[in-house]
Amino acid sequence: MSSSSSCDSMSLPTVLRSEIQYKSFVKIREDVLRLEDGSEYKYYVHQTRARVAMVLAFTDTGRVLVNQEYRHPTGKILLGCPGGMVEKGESFLEGAERELREETGYTEGEFVELGVAYPLPGLSTLSFHYILATGLKRTVTPECEPSEVIQAREFELSELRSVIAGGADVDAALLTALYYYDLYQSRKDEK
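Residues numbered from 1 in each chain as written. Predicted model: local features only at pLDDT ≥ 70, side-chain atom pairs only at ≥ 80, totals over all residues. Heavy atoms only, no water.

Undergrad: Tell me about the side chain of Thr59, and please be specific about residues and values.
TA: In this structure, Thr59 sits in strand β4 (residues 52-59). At 2.9 Å, the side chain of Thr59 forms a polar contact with the side chain of Thr61. Setting aside anything within four residues of it in sequence, one finds Thr59 in contact with Tyr106, Gly135, Leu136 and Glu154. (Helix = DSSP H or I, 4+ residues; strand = E, 2+ residues; numbered from the N terminus. Polar contact = N/O pair within 3.5 Å; in protein donor to acceptor, adjacent residues only side chain to side chain. Contact = heavy atoms within 4.5 Å.)

Okay, here's the thing in structure tokens:
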């Protein structure tokens, strides 16, 4: 058996320097880290203060509401959750309600926080707050941003799971939302 490696240790690196390398809509920060063995390593971080709410939405008939959304970095239309940045002064629930209304036109439901996850922890400080919305009705016309290419679709939950299992292009946030939903349901079933 070989001697211990850095994988055997939970020694955190020391940040020697931290400097913003690029600043626009996003910030890219370069950190110089000293590792346990004394070596130095440059680490680049997408730094954001964005507060994001992602909504797993169910209509008043129990169907799952999912966005088909063009995501330019992938060059694809992905299945994903309605959601987006929470504005200054909004709670995550308020931001979720607003984003859902803007992207889908659905409102008037009940909203519950499911959990928080970091979608790209190796690259970014970004965190997503997952919200469950139930009992929704389409009451208004969606009002997407000019840069958003979105179409809302309804699925039976089993149908959505089959579409995903069949290899559909999916935003990972939808998979996380479905996982949190399953945890939420299992906790309800235990009570």
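Don't stop here, the text continues.
Undergrad: I'd like a description of the confidence of the model for the protein, backed by residues and values.
TA: When pLDDT is averaged along the protein, the result is 92, and 97% of the positions lie at 70 or above. Across the protein, the secondary-structure element scoring lowest on mean pLDDT is strand β3 (residues 40-47), at 92, and the one scoring highest is helix α2 (residues 157-165), at 98. (pLDDT = per-residue confidence, 0-100.)

Undergrad: Tell me about the pairing of β3, and name the residues and values.
TA: Judged from the eight bridges that link them, strand β2 (residues 27-34) and β3 form a sheet pairing that is antiparallel. Note that in β3 the partner of Val32 across the bridge is Lys42. Hairpin geometry of β2 and β3 is characterised by an intervening segment of five residues between the two adjacent antiparallel strands and by a positive phi of about 95° at Gly38. (Pairing = 2+ DSSP bridges.)

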